[in-house]
Amino acid sequence: MLTDSFKHIQTGRLNLSIHLPSTSKLALMDFIAEQLPGWRDHPDRPTEFAETTLTEHLCDYLNGVANFSTDWSHVQFRTETGDESRAGRKIDLSVKPRGVDIFIEGRRHTQFQALFPIECKRLPTPPGKDRDEREYVFTKNGTTGGIQRFKLGLHGASHSFAAMIGYVQGLSFSYWLNQINGWIHDLSLKHKSAWSGSDALKALTDDPVLGISTLHSSHDRKGLGICEVRHVWISMIELHS
C-alpha cells in the first residue's frame, strides 16, 4: 500500500510533511479511475449532463471517498481553481494537499498549491454556435481545447504532469481514440504546426463492464519541456440516452 512507503517528518511547524514516490500522481489517477463508476452510478447523483455540473458533483464525490481512504485522506479536490502560472485562467479540477505539505520528487506542495491540474471534457462536444467538435484536443477560434491548453502552457505550465477526464456521452471508446488521433494527425500536417504524431493518445486499459478507459499522451511544450497527460474516460451513455 502507498501508506507503507510514506515518510512522515515534522518540519518545525504544526502541520505534517508527507514524502510521496514519483509514481504517486499515476497512483492517484488510478484511484480516481476506480471511483468514477461509483460516482456515475450513485443513486443520489442528480441527472445532469453539463460539463461544469458533472465536474462539481465528481469533486464532491471524490472528496468524500478520499476522506475515508487509507491512502488518500491527505488530498482534497477543488473545482475552478486559479492557474498558478496564468492569472485569470481557471482549472476544471485540481488536486491539493489537505492540511499537510506534500513532497514529490523534491518539490513541496502546500494546501494552496495543486499537485497537478485536471481538464474535463464531454465527448462528443455539445453543439453550439461557438463550439468546435475537436474541443477535447483543440479549438480553431480561442484556446479552450483540452490538450491544447496543456501543450501551449496555458494551463499547468509549472507542472510536468496533468490529467484529463472525458465524460463519454455518445459512441465508443475506440471511436473517440481514432477520432482524436485523427484530429491530432490533421493538425500535425499544417504548415509550421506545433503538433506532431508524438502528441497522439495511446490506449492503456479498457474495461467495458465498468465503462472505464485509461490512456496516455506526451506533449512537447516550447520552452517548458514535456508534459505527460493521463486520460481517464468514463462511459455515461446509458444514463445519457
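For the structure given in this document, a descriptive report is provided here.

Definitions and limits used
- Residues numbered from 1 in each chain as written.
- Predicted model: local features only at pLDDT ≥ 70, side-chain atom pairs only at ≥ 80, totals over all residues.
- Heavy atoms only, no water.
- Helix = DSSP H or I, 4+ residues; strand = E, 2+ residues; numbered from the N terminus.
- Rg over C-alpha atoms; globule rule 2.2 N^0.38 Å.
- Buried < 20%, exposed > 50% of the residue type's maximum accessible area, 1.4 Å probe, protein only.
- Contact = heavy atoms within 4.5 Å.
- Pairing = 2+ DSSP bridges.
- Axes fitted to C-alpha atoms, helices over the stretch in contact; angles between N-to-C directions.
- Phe/Tyr/Trp six-rings, centres within 6.5 Å; stacked < 30°, edge-to-face > 60°.
- Salt bridge = Lys/Arg side-chain N within 4 Å of Asp/Glu carboxyl O.
- Expected span 1.5 Å × (residues − 1).
- Bend = angle between axes of the 7 residues up to and from the residue.

**A few points about the overall build of the protein chain**
A tally of regular secondary structure across the protein chain gives five helices and eleven strands. Against the globule reference of 18 Å for 241 residues, the protein chain gives a C-alpha radius of gyration of 18 Å, in line with a compact fold. Considered along the principal axes of its C-alpha atoms, the protein chain spans approximately 55 × 45 × 30 Å. Here the protein chain, with 241 residues, has 51% of them falling under the buried criterion. In the protein chain, the share of contacts with a sequence separation of at least 24, taken over all contacts with a separation of at least 6, comes to 57%.

**Considering the sheet that holds strand 8 (residues 161-168)**
Spatial ordering of the open sheet is given by 3-4-7-8-11-10-9, a layout of seven strands whose pairing is mixed. The open sheet has two edge strands with one neighbour each: strand 3 (75-82) and strand 9 (202-207). Averaged over all adjacent pairs, the angle separating strand axes in this sheet is 25°, with direction ignored. In the sheet, strand 3 pairs with strand 4 (residues 90-97) via seven bridges, with the strands oriented antiparallel. Bridging from a neighbouring strand, Thr79 pairs with Leu93 of strand 4. Docked against the sheet, helix 1 (residues 24-40) engages strand 3, strand 4, strand 7 (116-123), strand 8, strand 10 (212-221) and strand 11 (225-235), running at close to 20° with respect to strand 11.

**Overview of the packing of aromatic side chains**
Taken as a whole and assessed by the stated rule, the structure comprises eight aromatic pairs. Seen from their ring centres, Phe31 and Trp72 are 6.4 Å apart, and the 40° between their planes marks the pair as tilted. Here Trp72 lies in the loop between helix 2 (51-67) and strand 3 and Phe31 lies in helix 1, a separation of 41 residues in the sequence. With a relative accessible area of 8%, Phe31 lands in the buried category. For the ring pair Phe138 and Trp195, a centre distance of 6.5 Å and an interplane angle of 90° mean the geometry is edge-to-face.

**So, unusual backbone geometry**
Of note, the bond from Leu123 into Pro124 is cis; its omega dihedral lies within 30 degrees of zero at 0°. Mapped onto the elements of the fold, Pro124 is located in the loop between strand 7 and helix 3 (146-151). Even without being glycine, Glu80 reaches a positive phi, approximately 50°. Residue placement: Glu80 occurs in strand 3. Non-glycine residue Glu105 carries a positive phi angle of around 50°. Looking at the secondary structure, you find Glu105 in the loop between strand 5 (101-104) and strand 6 (107-109). Taking relative accessible area as the criterion, Glu105 reaches 64% and is therefore assigned exposed.

**A few points about the pairing of strand 11**
Counting buried positions along strand 11 gives eight out of eleven residues, so the element sits mostly inside the fold. Sheet topology places strand 8 next to strand 11; eight bridges connect them, and they run parallel. Bridging across to strand 11, Phe161 finds its partner in Glu228. When strand 10 meets strand 11, the two strands line up antiparallel, connected through ten bridges.

**Brief notes about the pattern of salt bridges**
Here the structure, examined in full by the defined rule, presents seven salt bridges. When the shortest N-O distance is used, the salt bridge between Arg149 and Glu119 registers 2.9 Å. A residue pair is termed long-range when its members are at least 10 positions apart, and Arg149 in helix 3 and Glu119 in strand 7 qualify at 30 residues. Owing to a relative accessible area of 0%, Glu119 belongs among the buried residues under this scheme.

**Brief notes about helix 1**
In this model helix 1 runs 24 Å from its N-terminal to its C-terminal C-alpha over 17 residues, within 8% of the 24 Å that 1.5 Å per residue would give. When the local axis directions of helix 1 are compared, the greatest deviation, roughly 25°, occurs at Glu34, which is followed within four positions by the proline Pro37. Buried residues dominate helix 1, accounting for twelve of its 17 residues. For helix 1, the full list of buried residues reads Ser24, Lys25, Leu28, Met29, Phe31, Ile32, Ala33, Gln35, Leu36, Pro37, Trp39 and Arg40.

**Examining helix 2**
Here helix 2 spans 24 Å end to end across 17 residues, near enough to the 24 Å set by a 1.5 Å rise per residue. Of all the residues in helix 2, the buried ones are Glu51, Thr53, Leu54, Thr55, His57, Leu58, Cys59, Leu62, Asn63 and Ala66.

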